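Each chain is listed here by its residues.
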Amino acid sequence: MSLLDYRRKRSFDRTREPEPGKPAPRGQRPIFVVQLHHASRRHYDFRLQVGDALKSWAVPKGPSYDPSVKRMAVEVEDHPLDYAGFEGEIPKGEYGGGHVARFDHGVWSTTGDPEEQLAKGHLRFELFGDRLKGGWHLVRSGKPARQPQWLLFKDKDAWAGTLEADDLLAEVTPPPAEDRKRAGSGKATRKRLATVPVPRTRRKDWKKRALALDGSRAADAPDGPFQPQLARLGQAAPEGEQWLHEIKGMATASSPPSRRARCGCGRETRWSGPTAFPRSATR
Ligand code: MN
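Residues numbered from 1 in each chain as written. Predicted model: local features only at pLDDT ≥ 70, side-chain atom pairs only at ≥ 80, totals over all residues.

*Asks:* What is the right way to look at the overall build of the protein chain in this model?
*Replies:* A count of helices and strands for the protein chain gives five helices and nine strands. The order of helices and strands in the protein chain, counted from the N terminus, is α-β-β-β-β-β-β-α-β-β-β-α-α-α. Counting all 283 residues of the protein chain, 23% fall into the buried class. Here the analysis covers contacts within the protein chain between residues at least 6 apart in sequence; of these, 57% occur between residues at least 24 apart. (Helix = DSSP H or I, 4+ residues; strand = E, 2+ residues; numbered from the N terminus. Buried ≥ 20, exposed ≤ 12 C-beta atoms within 10 Å, placed from the backbone. Contact = placed C-beta atoms within 7 Å.)

In structure tokens form, the structure reads like this:
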């Protein structure tokens, strides 16, 4: 990914925006950031880390939690990772002159290769922020262009609802009056939430649900190798006592009564270590 466009558009002796050049930290989950930008026109800047840069889209109306509301997202130049920490005023007369506020940030994930999905024109992803959560889609529309247009919309999941980005501006730094006057002030709203409420999930009886599936029957765990379920980031601890948490680890599964552990490990990783697990890990 190239930051040449980003550099070309800016004079770093006149703007406080970060100059590219710092390498990306290794072994960390990819980040996302959404900034509210009162430039010549008010818009949200939606950025997802892919490799060493932030893929960026300008979303005039901001993300919506309503899956039927598809928001135009214009692809713009990649930004350096440091941009995620930028907040403040870009001087008048400079590129993007006006106020930038951080709307939300966190980590994001997708199943499979993000660059492949972006090349195909449909990225399915999950956001783990304070204001933006759950599954989302970015779908490229129309013809190839210098600034391709995409549609950003919410996945139909437990987080889906009626909230708009403009409903979530509590605790977001407001722009100076001059910027608001020039760029517009967005949707008038009565909801001013700092975070999105956690959806209520009913406790599920998984055994009952599994047995209700067509052709299912109760049985012991299979004897052969199998792929264990991988850990996923959650928003709240589950109810009941039948759960454990995982800080960071390798998912393995073994099947008794065989003493030789059969391990299926997460993703492409294969367990090549000793087959003697600590007692606590073999229960
Ligand atoms: Mn912008």
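That was the structure; now back to the text.
*Asks:* Sorry, what's going on with unusual backbone geometry here?
*Replies:* Positive phi values are uncommon outside glycine, yet E171 reaches one of about 70 degrees. Here E171 is to be found in the loop between strand 9 (149-154) and helix 3 (177-183). A count of 11 C-beta atoms within 10 Å places E171 in the exposed class.

*Asks:* Help me understand the environment of V107, please; the structure alone is not making it clear to me.
*Replies:* Here V107 is to be found in strand 6 (residues 98-109). V107 gets classed as partly exposed once you count the C-beta atoms within 10 Å, which come to 15. Excluding its chain neighbours within four sequence positions, the residues that come into contact with V107 are R29, P30, I31, F32 and F128.

*Asks:* Whenever I open this one, the environment of D113 confuses me. Can you help?
*Replies:* By secondary structure assignment, the location of D113 is in the loop between strand 6 and helix 2 (114-120). Considering only alpha carbons, one finds D113 and V50, 63 residues apart in sequence, at a separation of 9.8 Å.

*Asks:* Looking at this model, I keep getting lost on the nonpolar core. Mind explaining?
*Replies:* Ranked by size, the top nonpolar core spans 31 residues in total, and within it Y44, F46, A73 and L152 carry the most contacts. At the level of elements, strand 1 (31-38), strand 2 (42-50), strand 3 (53-59), strand 6, strand 7 (122-128), strand 8 (133-141) and strand 9 are the ones that each hand at least two residues to this core. Discounting chain neighbours no more than four positions away, the residues touching A73 are F46, W57, V59, L138, W150, L151 and L152. (Core = buried A, V, L, I, M, F, W, Y, C linked by C-beta atoms within 7 Å.)

*Asks:* Sorry, what's going on with the confidence of the model for the protein chain here?
*Replies:* In the predicted model, the protein chain carries a mean pLDDT of 85, and 82% of its residues have values of at least 70. Scored below 50 in pLDDT, residues 278-283 shows one contact in the model against residues more than four places distant or in partner chains. (pLDDT = per-residue confidence, 0-100.)

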